[in-house]
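# Fold and geometry: a report
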Amino acid sequence: MPAADTSGLSRRRLLLGGAAAGAGAAVALGAERAGLVPGAAPEPAIDAAGLNGERVVPFHGAHQAGVTSAPGAHATYLAFDLLAGTDRDRLRAWMRLLTDDAARLTQGRGALADLEPELAVRPAGLTATFGLGVEAVRRAGAAVPSWLGPLPAFPEIDALEARWSGGDVLVLLHGDDPTAIAHLARMLVRDSRTFATLRWRQAGFRRAYGSDASGTTMRNLFGQVDGSTTPQPGDEAFDRAVWAGPEAPAWLRGGTSLVLRRIAMNLEGWDEVGREGREAAVGRRLADGAPLTGGSEHDAIDLDKKDASGFTVINPVAHAASAHVADAGAGIVRMGFSYDDPVEAGAVDAAGRPAVSNSGLLFGSWQRDVDAQYVPMQRRLARADLLNTWTTPIGSGVWAIPPGCEEGGFVGETLLG
Ligand code: HEM
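Residues numbered from 1 in each chain as written. Predicted model: local features only at pLDDT ≥ 70, side-chain atom pairs only at ≥ 80, totals over all residues. Heavy atoms only, no water.

Reference values for angles at a metal are 109.5 degrees in the four-donor tetrahedral case and 90 or 180 degrees in the six-donor octahedral case. Just one protein ligand coordinates the iron atom of the ligand, and it is His-319 (NE2) at 2.0 Å. Tracing the backbone shows His-319 in helix 10 (residues 319–323). (Donors = N, O, S within 2.8 Å, 3.2 Å for Na, K, Ca; no water. Helix = DSSP H or I, 4+ residues; strand = E, 2+ residues; numbered from the N terminus.)

A separate point is the side chain of Thr-106. Position of Thr-106 relative to the elements: it lies in the loop between helix 4 (88–105) and strand 2 (127–132). Classification of Thr-106 by relative accessible area gives buried; the value is 1%. Polar side-chain contacts of Thr-106 include one of 2.6 Å to the backbone oxygen of Ala-102. (Buried < 20%, exposed > 50% of the residue type's maximum accessible area, 1.4 Å probe, protein only. Polar contact = N/O pair within 3.5 Å; in protein donor to acceptor, adjacent residues only side chain to side chain.)

Further remarks concern helix 11 (residues 370–383). With 14 residues, helix 11 extends 18 Å from end C-alpha to end C-alpha; this agrees with the ideal 20 Å at 1.5 Å per step. Those residues of helix 11 that fall on the buried side of the exposure criterion are Val-370, Gln-373, Tyr-374, Val-375, Met-377, Gln-378, Leu-381 and Ala-382. Along the axis of helix 11, the buried residues cluster in a sector spanning 165 degrees; they form a single face. On its buried side, helix 11 packs onto helix 7 (236–242), strand 5 (256–265), helix 10, strand 7 (358–367) and strand 8 (391–401). (Expected span 1.5 Å × (residues − 1). Arc of directions from axis to C-beta. Contact = heavy atoms within 4.5 Å.)

Attention shifts here to the packing of helix 4 against helix 6 (residues 178–190). Put simply, helix 4 and helix 6 touch, their axes get as near as 9 Å, and they point 160 degrees apart. Comparing their axes, helix 6 and helix 4 come out roughly antiparallel. Crossing hand, helix 4 versus helix 6: right-handed. Here Leu-98, Asp-101, Ala-102 and Leu-105 of helix 4 come into contact with helix 6, specifically with His-183, Leu-184, Met-187 and Leu-188. (Axes fitted to C-alpha atoms, helices over the stretch in contact; angles between N-to-C directions. Parallel < 35°, antiparallel > 145°, perpendicular 65-115°, else oblique. Left-handed = near helix turned anticlockwise from the far one by under 90°.)

Examined against the element boundaries, Arg-353 turns out to sit in the loop between strand 6 (333–341) and strand 7. Judged by relative accessible area, which is 44%, Arg-353 ranks as partly exposed. Residues Arg-353 and Glu-268, 85 residues apart in the sequence, show an inter-C-alpha distance of 9.9 Å. Setting aside anything within four residues of it in sequence, one finds Arg-353 in contact with Glu-272, Ala-347 and Val-348.

Okay, the pattern of salt bridges next. Scanning the model with the defined rule gives 18 salt bridges in all. Taking the shortest distance from any N to any O, the salt bridge between Asp-212 and Arg-207 comes out at 3.3 Å. For Asp-212, a relative accessible area of 33% puts it in the partly exposed group. Judged by its relative accessible area of 48%, Arg-207 is partly exposed. Between Arg-334 and Asp-226 there is a salt bridge, with its nearest N and O atoms 3.5 Å apart. Of the two residues, Arg-334 is situated in strand 6 and Asp-226 in the loop between strand 4 (196–205) and helix 7; the sequence distance between them amounts to 108 residues. For Arg-334, a relative accessible area of 25% gives the class partly exposed. Taken together, the shared-partner salt bridges connect Glu-161, Arg-163 and Glu-344 into one network. (Salt bridge = Lys/Arg side-chain N within 4 Å of Asp/Glu carboxyl O.)

Taken by themselves, the reported measurements are silent on function.
What follows is the structure, encoded as structure tokens:
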């Protein structure tokens, strides 16, 4: 590996004596970073060896960082139920504490009374985003947005389980390093014990950092390019779709909402489908995600284009056709992570054989108004979507995502401050 000879990695190996760096590691790394070790230049955020451990996404700002930053390679969702005694004052104290943990750990600093501060020094783009369910907003004594609460039932498709659904307070952690995520998750759960109980925890992933050039659209576990058409931060449509404005209660302006659906994907059933059938189910090519009507991944889909027999090239009940909205700013912004969990004891596939997989998508979407943007789309998809043959929603929840806060403030201050 000749290229590594001049890299930051080999400098660190020399300094720290390889993997057994021991207790001096944090000190030595700090010194190296500050340029205090002779011959050691300060490390860039992503160095020549492709390292990005020191990449920091600012925590403070007008919006919560996990909404506006590119999804990391790993995600963990935590949902809490409030204890009976967690009233408005206790809720405020808890949100201050959680904000403090997140503000430190996402910036590469240990939490207060952190016994493993070394785990904090490589945040790798870690973000923490907090959401409030209807019960938390009620206890805060604030105006409840009309759409906050469980989604309406979609009896055609839903097989929801309580163990993946609901929660009074939600935290989404995403970043490129699962160790940094695990450490922040532990600090948050530890500091929550006198305020709430952990209701559920769900983890998901995308490609590992460095597997794809950054900005490459993810592939889900059906092998599909997934997310091509979703508005990106900085797009005018993103801002219109996501940020709550004057129509929302004052405390939510500059915030948004999150819908999270845990959607099981029947990979055994998908295995039975040929390539053509798979492409027809979505209306896009597997190889590159381009619409079946031609062009490349980011070209517009043409839902009116007819084939020689006069049928539309893309079936109107193909997933992309049924989900499509003409104005992206009136739609939703999707952020998905795959999950691939151990098969549960005794699980079988449709043919009665032992199940091979327990996989799916943690489907997340940001929108300023769940009833106006998410629900009509989900209704269309519940009634008519070829993908439904292989997908089953097994978890569901809706949270209000307050705006971000500035240094010294806390997330939730607009309704608890
Ligand atoms: C496991 C479940 C799902 C899978 C595997 C899946 C997969 C896909 C794929 C492969 C595409 C095409 C590429 C793209 O534009 O991103 C797509 C598009 C889309 N999906 Fe899904 N999806 C799922 C669930 C959902 C749900 C629950 C919703 C919303 C309620 C949704 C909304 C959309 C939208 C709005 C588009 C863009 C349509 C367009 O304008 O072309 N999807 N999805």
